[in-house]
Amino acid sequence: MKRPRSALFVPGDKPAAIQKARTLGADMLILDLEDAVAPEHKAQARENVCAALEEGFPMPVLVRLNGPGTPWENADQDAVMHCRPDGLVLPKVEQTGVVRCLRLGVPLWLMIETPRGVLAAPELAAEQGVAGLIAGANDLSRELRARHTPERTPLLHALSAVVLAARAYGKYALDAVHNDVRDAAGLERVCIQGRDLGFDGKSLIHPAQIDTANRCFGVSDEEAQTARELLASWEAGRAEGKSLTTFQGKMVEEMHVREARELLAEVGRGL
């Protein structure tokens, strides 16, 4: 699977929204059986999601289950064993035991949305079968008693901890949702911030947020051209027998070359 720049949550009880999501251009979909679905709609949402998965999607599709201890836990797990999504999203994960008990044969994506979850993030990321971590800022802010600020300053330590844990074990890391779907400027700001922090992409709650996430977490034409020029400079230097070279006034070594090649590889994958 290519790096997901955008992961759109879609309520499982909205079949029309699920159908439309196929055409919206998100890198990944998360069909939601948990927070976005009222208790009285859980059973119907489960049926909708399974029917949609049988039809297939042009992008990877995950399903967010209701958590352990909820009345819907077993029914959700039984259903997805037959539907075979591309992965499962587990909410509010805090302990490795939850991950080890859930062996359904598909990759797991763990939502880190509590203080205990942040502290356990390295152990969770190390677990076999875990594909990625997803930061959950809403619940985390509430449990931290933190204020919501445009710069997300109270959450920066926790967000960085999620990225650090994911990177330490070669897993994906998705940034938290941006709640105000009318705030295009704020979305752009936090997407750039998330990219700067090291996140692979962003979880989203509205189709209007997809293009911004894809652009901010993707590779720009300028970045790609700079990478090509850096490689050309490096190769010219190596042809002259140099171990190091300079590009745009900065020293270039093997690490920078690997970084440029990785970026251009992403361009080749359509990022």
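Going by the structure above, here's the rest.
Rules and cut-offs
Residues numbered from 1 in each chain as written. Predicted model: local features only at pLDDT ≥ 70, side-chain atom pairs only at ≥ 80, totals over all residues. Heavy atoms only, no water. Helix = DSSP H or I, 4+ residues; strand = E, 2+ residues; numbered from the N terminus. Rg over C-alpha atoms; globule rule 2.2 N^0.38 Å. Buried < 20%, exposed > 50% of the residue type's maximum accessible area, 1.4 Å probe, protein only. Contact = heavy atoms within 4.5 Å. Areas by Shrake-Rupley, 256 points an atom, 1.4 Å probe, with all protein chains shown as cover. Lys, Arg positive; Asp, Glu negative; His and termini not counted. Charge placed at Lys NZ, Arg CZ, Asp CG, Glu CD. 1 Å grid on protein atoms, 1.4 Å probe; cavity = no way out; pocket = protein on both sides within 12 Å on 5 of 7 lines; lining within 4 Å. Points joined across faces, edges and corners; volume = space filled by probe spheres on them. Nonpolar A, V, L, I, M, F, W, Y, C, P; charged D, E, K, R; others polar. Disulfide = S-S within 2.5 Å. Pairing = 2+ DSSP bridges. Right-handed = clockwise from strand over helix to strand, strands pointing away. Axes fitted to C-alpha atoms, helices over the stretch in contact; angles between N-to-C directions. Parallel < 35°, antiparallel > 145°, perpendicular 65-115°, else oblique. Expected span 1.5 Å × (residues − 1). Arc of directions from axis to C-beta. Left-handed = near helix turned anticlockwise from the far one by under 90°.

What follows covers the overall build of the protein chain. Secondary structure assignment for the protein chain yields 12 helices and 10 strands. In terms of overall size, the protein chain behaves like a compact globule, its C-alpha atoms giving a radius of gyration of 20 Å where 271 residues would be expected to give roughly 18 Å. Seen through its C-alpha atoms, the protein chain measures out along the principal axes to roughly 70 × 40 × 40 Å. Within the protein chain, the proportion of its 271 residues that are buried is 49%. Counting contacts in the protein chain only where the partners sit at least 6 residues apart, residues at least 24 apart contribute 64% of the total. For the protein chain, the accessible area works out to roughly 13500 Å², and carbon and sulfur atoms hold 52% of it. With 32 positive and 38 negative side-chain charges, the protein chain shows a spacing of 2 Å between the two charge centroids.

This part takes up the environment of Pro122. Tracing the backbone shows Pro122 in helix H6 (residues 121-125). Sequence separation between Pro122 and Val89 is 33 residues; the distance between their C-alpha atoms is 17 Å.

Counted as a void, the largest pocket has a volume near 770 Å³. Around the largest pocket, the lining is made up of 26 residues, and of these Arg195, His256, Glu259, Ala260 and Leu263 lie nearest the centre. If you list the elements that add at least two residues to the lining of the largest pocket, you get helix H8 (156-168), helix H11 (221-239), strand S10 (250-252) and helix H12 (254-268). In terms of residue count, the dominant contributor to the lining of the largest pocket is H12 (eight residues). Of the residues that constitute the lining of the largest pocket, the class distribution is 12 nonpolar, four polar and 10 charged.

Attention shifts here to unusual backbone geometry. One non-glycine residue with positive phi stands out, namely Arg84, at about 55°. Looking at the secondary structure, you find Arg84 in the loop between helix H3 (73-83) and strand S4 (87-90).

This next bit is on the state of the cysteines. For the structure on display, the rule yields one disulfide. In this model Cys50 forms its disulfide with Cys83; the gap between the sulfur atoms is 2.2 Å. Because the sign of the S-S torsion sets the handedness, a value of about 110° for the bond joining Cys50 and Cys83 places this disulfide among the right-handed ones. Of the two residues, Cys50 is situated in helix H2 (residues 42-55) and Cys83 in helix H3; the sequence distance between them amounts to 33 residues. Among the cysteines around Cys216, which has no disulfide bond, Cys191 carries the closest sulfur, lying 4.8 Å off.

Moving on: the pairing of strand S5 (residues 108-112). In terms of burial, S5 is a largely internal element, five of the five residues being buried. The alternating pattern of S5 places Leu108, Leu110 and Ile112 on one face and Trp109 and Met111 on the opposite face, and all of these are buried. Relative to S5, S4 runs parallel, the two being bridged by three bridges. Across the sheet, the residue bridging to Val89 is Trp109, located in S5. Of the crossover connections in this fold, the one passing from S4 over helix H4 (residues 96-101) to the parallel S5 is right-handed. Sheet analysis places S5 next to strand S6 (residues 130-135), joined by five bridges and oriented parallel. Bridging across to S6, Leu110 finds its partner in Leu133.

As a further point, take the packing of H2 against H3. One way to put it is that H2 packs onto H3 with a least axis distance of 10 Å and a crossing angle of 10°. It follows from the interaxial angle that H2 and H3 lie roughly parallel. Of the residues in H3, those touching H2 at Arg46, Cys50 and Leu53 are Ala75, Asp76, Ala79 and Cys83. In terms of residue class, the contact of H2 with H3 is built from five nonpolar, no polar and two charged.

Between the first and last C-alpha of H8 there are 18 Å, a value that for 13 residues agrees with the 18 Å anticipated at 1.5 Å per step. Those residues of H8 not exposed but buried are Ala158, Leu159, Val162, Val163, Ala165 and Ala166. Projected onto a plane normal to the axis of H8, the buried residues spread over an arc of 165° and lie on a single side. Exposed residues on H8 whose side chains face more than 90 degrees from its buried face are His157, Leu164 and Ala168. Directly after H8, the chain includes Gly170, whose backbone phi takes a positive value near 70°.

The subject of this paragraph is the packing of helix H9 (residues 184-197) against helix H10 (residues 210-217). Running from N to C, H9 and H10 point in directions that differ by 30°, and their axes come no closer than 9 Å. Crossing hand, H9 versus H10: right-handed. On the side of H9, the interface is formed by Leu187, Glu188, Cys191, Ile192, Gly194 and Arg195, while H10 contributes Thr212, Ala213, Arg215, Cys216 and Phe217. Classifying every residue of the contact of H9 with H10 gives six nonpolar, two polar and three charged.

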